[in-house]
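Here are the chains, one letter per residue:
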Amino acid sequence: MIDYISISTVRQDIEYQYRQLHNSISFIHTDENGEEYTLDIFTHTETGLKIKIKKWTNSNEYYLEVKGSIHKFYKGNNYTDFNLLDLEKSIQRLCNWLDIPSNEWELHGFEFGVNLNINPNLILNNIINYNGYEVGTTRYANGGK
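Notes on the structure follow.

## Remarks on helix α3 (residues 84-98)
Argument step 1. The first and last C-alpha atoms of α3 sit 21 Å apart over 15 residues, in line with the 21 Å expected at 1.5 Å per residue.
Argument step 2. Listing the buried residues of α3 in full gives Asp86, Leu87, Ser90, Leu94, Cys95, Trp97 and Leu98.
Argument step 3. Two or three places before Leu85, at the opening of α3, Asn83 has a side-chain oxygen 3.0 Å from that residue's backbone nitrogen.

## Structural notes on the pairing of strand β4 (residues 50-56)
Argument step 1. Burial along β4 is one-sided: Ile51, Ile53 and Lys55 are buried, and none of Lys50, Lys52, Lys54 and Trp56, which face the opposite way, are.
Argument step 2. As consecutive antiparallel partners, strand β3 (residues 36-43) and β4 are separated by 6 residues, and within that stretch Gly48 has a phi angle of approximately 80°, a positive value.
Argument step 3. One ladder, built from 6 bridges, connects β4 with strand β5 (residues 62-69); its direction is antiparallel. Counterpart to Ile53 in the pairing with β5 is Leu64.

## Remarks on the packing of aromatic side chains
Argument step 1. Taken as a whole and assessed by the stated rule, the structure comprises 2 aromatic pairs.
Argument step 2. On the basis of an interplanar angle of 50° and a centroid distance of 5.7 Å, the ring pair of Phe73 and Trp97 is categorised as tilted. Taken as a pair, Phe73 in helix α2 (residues 70-75) and Trp97 in helix α3 lie far apart in primary sequence, 24 residues in all. The pair formed by Phe73 and Trp97 is uniform in burial state, with each residue classed as buried.
Argument step 3. The interplanar angle of 65° and the centroid separation of 6.3 Å between the aromatic rings of Tyr74 and Phe82 together place this pair among those described as edge-to-face.
Argument step 4. According to the relative accessible area criterion, Tyr74 is buried, its value standing at 19%.

## A few points about the pattern of salt bridges
Argument step 1. Evaluated as defined, the whole model comprises 3 salt bridges.
Argument step 2. Of the charged contacts in the structure, one is a salt bridge between Arg11 and Glu104, with a shortest N-O distance of 2.3 Å. Of this pair, Arg11 sits in strand β1 (residues 2-11) while Glu104 sits in the loop between α3 and β6 (106-112); the two residues are 93 residues apart in sequence, bridging distant segments of the chain.
Argument step 3. Using a relative accessible area of 18% as the deciding quantity, one classes Arg11 as buried.

## So, unusual backbone geometry
Most peptide bonds take the trans form, and the phi angle of most residues other than glycine is negative.
Argument step 1. Of note in this structure, Asp99 is not a glycine but carries a positive phi near 60°.
Argument step 2. Along the polypeptide, Asp99 turns up in the loop between α3 and β6.
Argument step 3. Looking at Asp99, the relative accessible area reads 48%, which means it is partly exposed.

## Thoughts on the nonpolar core
Argument step 1. In this structure, Leu49, Ile51, Val66, Ile70, Leu94, Trp97 and Trp105 are the most contacted members of the largest nonpolar core, which totals 20 residues.
Argument step 2. Sorting the residues of this core by element identifies β1, β4, β5, α2 and α3 as the ones contributing at least two each.
Argument step 3. In terms of residue count, α3 provides more of this core than any other element does, 5 residues in total.

Rules used in this analysis
- Residues numbered from 1 in each chain as written.
- Predicted model: local features only at pLDDT ≥ 70, side-chain atom pairs only at ≥ 80, totals over all residues.
- Heavy atoms only, no water.
- Helix = DSSP H or I, 4+ residues; strand = E, 2+ residues; numbered from the N terminus.
- Expected span 1.5 Å × (residues − 1).
- Buried < 20%, exposed > 50% of the residue type's maximum accessible area, 1.4 Å probe, protein only.
- Polar contact = N/O pair within 3.5 Å; in protein donor to acceptor, adjacent residues only side chain to side chain.
- Pairing = 2+ DSSP bridges.
- Phe/Tyr/Trp six-rings, centres within 6.5 Å; stacked < 30°, edge-to-face > 60°.
- Salt bridge = Lys/Arg side-chain N within 4 Å of Asp/Glu carboxyl O.
- Core = buried A, V, L, I, M, F, W, Y, C linked by side-chain atoms within 4.5 Å.

What follows is the structure, given as structure tokens:
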């Protein structure tokens, strides 16, 4: 199951996206080269997607970034089954909603997992390393690891 996704695109004209995302909070910033840009950041209330739109004042280019749960965007929750067909449909829905084709997005990261019907301690107690690093165990007050 894929849940979290982080994608971005650079576009010339995103007037439609601005209309879709009308309740944004705008900030004026200056980048490392001294150029001013407007940054609109908001969380879409229905889906929980975090959206960032950046526009340089002396350019027609916009940077659009979307982060959040693609599962929740598609199904309205994060706890039901979510298969590869659902993932494909959710990406198509997101692309249609923002009116940007899927081949124009850059994927920065995604989170995936599987639902297993086993005791999680079987896995947690036997992890030797993760991503090349030795795993240490932290025990939390509520009994979690």
